[in-house]
Amino acid sequence: MQVFPSTNQFKTSPAASALLDCLRSNEKSLQLQDSMLYHAFPLYRDEEGGLIVSDAVLLSPVHGVVVFALTTDSPKLSQGEYQRCIDVAEQVPSYVHSRLVKNRALRKGPTRLAFEIVPLVYAPLLKTPAKGTDFEIATTNDGLCELLEGIRSSAEPMPPDMFKELVATIE
């Protein structure tokens, strides 16, 4: 798995560091060898000119695109942090989709991508999971691996040319 911009960048955030450690230690079992993991990338501008930043994004030929909202709130999510995670989990995938769907090589139809974009929240210190969300929340490494395994098992692997096109379009 390649890491961008650098492993040191991930180490600046406890949740990002925990994510990187979990993915690296399970790289083989999750089939992440050919994957790319980005921290605080990509960046988008919303309609009001505000900056939309993903906490982390995993591009994988067997998982598609996984957008992570990362939090180290403990033992439960504060209202402000909960709203920030919702914003990342809801907004970033739609911005990523709008960029990718313009590339014919990545589409399965006029408006449908050939792979999924999945939002996940990774909260390694969270003791009380949030209820009533439209996205998955992993609070343990085992939980994160289980969610990623579920994504992998339900997705068709991407052809190498399509994955190269995905990486080029995201970057």
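Residues numbered from 1 in each chain as written. Predicted model: local features only at pLDDT ≥ 70, side-chain atom pairs only at ≥ 80, totals over all residues. Heavy atoms only, no water.

Visitor: Account for unusual backbone geometry, naming residues and giving values.
Guide: Omega for the peptide link from Phe4 to Pro5 comes to 0°, which places this bond in the cis form. Secondary-structure assignment places Pro5 in the loop between strand S1 (2–4) and helix H1 (7–10). With a phi close to 60°, Gln31 is a non-glycine residue in the positive phi region. Relative to the helices and strands, Gln31 resides in the loop between helix H2 (14–25) and strand S2 (36–39). At Ala40, a position not held by glycine, the phi torsion is positive, near 55°. Counting through the fold element by element, Ala40 comes out in the loop between S2 and strand S3 (43–45). By relative accessible area, Ala40 is classed as partly exposed at 32%. (Helix = DSSP H or I, 4+ residues; strand = E, 2+ residues; numbered from the N terminus. Buried < 20%, exposed > 50% of the residue type's maximum accessible area, 1.4 Å probe, protein only.)

Visitor: Help me get a handle on the environment of Phe135, residues and values and all.
Guide: Here Phe135 shows up in the loop between strand S7 (117–122) and strand S8 (136–138). Linking Phe135 and Thr72, residues 63 residues apart in sequence, is a C-alpha distance of 17 Å. Setting aside residues no more than four positions away along its own chain, Phe135 makes contact with Cys85, Ile86, Ala89, Pro119 and Val121. (Contact = heavy atoms within 4.5 Å.)

Visitor: Tell me about the nonpolar core, and please be specific about residues and values.
Guide: Counting 34 residues, the largest nonpolar core has Leu59, Val65, Val96, Leu100, Phe115 and Leu166 as the members making the most contacts within it. Ranked by the residues each element gives to this core, the list is headed by helix H3 (residues 79–100), at nine residues. Met1, Leu30, Ala138 and Leu148 belong to the second-largest nonpolar core, a separate cluster that totals 25 residues. (Core = buried A, V, L, I, M, F, W, Y, C linked by side-chain atoms within 4.5 Å.)

Visitor: Account for the packing of H2 against helix H4 (residues 141–154), with residues named and values stated.
Guide: It is at 10 Å that the axes of H2 and H4 come closest, and there the two elements cross at 60°. Between H2 and H4, the interaxial angle falls into the category oblique. When you trace H2 past H4, the crossing you get is right-handed. Along the contact surface, H2 presents Leu19, Cys22 and Leu23, while H4 presents Asn141, Leu144, Cys145 and Leu148. Grouping the constituent residues of the contact of H2 with H4 by class yields six nonpolar, one polar and no charged. (Axes fitted to C-alpha atoms, helices over the stretch in contact; angles between N-to-C directions. Parallel < 35°, antiparallel > 145°, perpendicular 65-115°, else oblique. Left-handed = near helix turned anticlockwise from the far one by under 90°. Nonpolar A, V, L, I, M, F, W, Y, C, P; charged D, E, K, R; others polar.)

Visitor: So what's going on with the side chain of Glu27? Which residues, and what values?
Guide: Residue position: Glu27 is located in the loop between H2 and S2. Of the side chains bearing the opposite charge, Arg24 lies closest to the buried Glu27, which forms no salt bridge; the N-O distance is 4.9 Å. Sequence-distant contacts of Glu27, defined by excluding residues within four places in its chain, comprise Met1, Leu32 and Gln33. (Lys, Arg positive; Asp, Glu negative; His and termini not counted. Salt bridge = Lys/Arg side-chain N within 4 Å of Asp/Glu carboxyl O.)

Visitor: Residues and numbers for the pattern of salt bridges, please.
Guide: For side chains of opposite charge, pairing can occur when their charged atoms come near one another. The full count for this structure, using the stated rule, is four salt bridges. The salt bridge involving Arg84 is made with Asp55; its shortest N-O contact spans 3.0 Å. With Arg84 in helix H3 and Asp55 in the loop between strand S4 (51–53) and strand S5 (56–60), this residue pair connects regions lying 29 residues apart in the sequence. Looking at Arg84, the relative accessible area reads 27%, which means it is partly exposed. Residue classification places Asp55 among the buried residues on the basis of a relative accessible area of 15%. The salt bridge partner of Arg152 is Glu149, with a shortest N-O separation of 2.4 Å. One end of the pair is Arg152 and the other is Glu149, both in helix H4 and three residues apart, which spans about a single turn. With a relative accessible area of 21%, Arg152 lands in the partly exposed category.

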